[in-house]
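# Remarks on the overall topology
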Amino acid sequence: MSPHQSDQEDEESPLLRPERQHTVAKTPLPWRQLSVVLFSQLTEPLTSQAIAPFLPQLIRDVGVTHGDESRVGYFVGILSSVFYVAQALTTLYWNRLSDHVGRKPVILTGLF
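These notes cover the structure that comes with them. All values derive from a computational prediction rather than experimental measurement.

## A short note on the overall build of the chain
Each helix and strand in the chain was counted, giving 4 helices and 0 strands. Taken from the N to the C terminus, the helices and strands of the chain come in the order α-α-α-α. Counting only residues that meet the buried cut, the chain has 9% of its 112 residues in that class.

Below is the structure:
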């Protein structure tokens, strides 16, 4: 190919020329602040499951089943489910409160 042909279009040249990319400085993420939020999100499943090994004995000791061992699993499931139902219902309250007072006070109060 001759040097003057390189500027000409042929069947292999793209129809649209690529636009030049504008270099925009990326905003660095606040990793310290994000790490606190990520750590708090990590602790929530741990705390919700930390009591799981003790629930069968709790159900037995409270006497809900009146000695019927076959019903212990049923009441453990009910007790575990109540936690998540309560969490879902109170989330509505926290969402409305954060609209009024802001996210940061609500998050800090929830973590406390």
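## Observations concerning the side chain of T65
Within the secondary structure layout, T65 lies in the loop between α2 (55–62) and α3 (72–101). Setting aside residues no more than four positions away along its own chain, T65 makes contact with I59, R71, V72 and F75.

## Notes on the pattern of salt bridges
Throughout the structure, instances matching the rule amount to 1 salt bridge. Between R60 and E69 there is a salt bridge whose closest N-O contact spans 3.0 Å. On the basis of relative accessible area, R60 is assigned to the partly exposed category, the value being 37%. The exposure class assigned to E69 is partly exposed, which follows from its relative accessible area of 48%.

Conventions used here
- Residues numbered from 1 in each chain as written.
- Predicted model: local features only at pLDDT ≥ 70, side-chain atom pairs only at ≥ 80, totals over all residues.
- Heavy atoms only, no water.
- Helix = DSSP H or I, 4+ residues; strand = E, 2+ residues; numbered from the N terminus.
- Buried < 20%, exposed > 50% of the residue type's maximum accessible area, 1.4 Å probe, protein only.
- Contact = heavy atoms within 4.5 Å.
- Salt bridge = Lys/Arg side-chain N within 4 Å of Asp/Glu carboxyl O.

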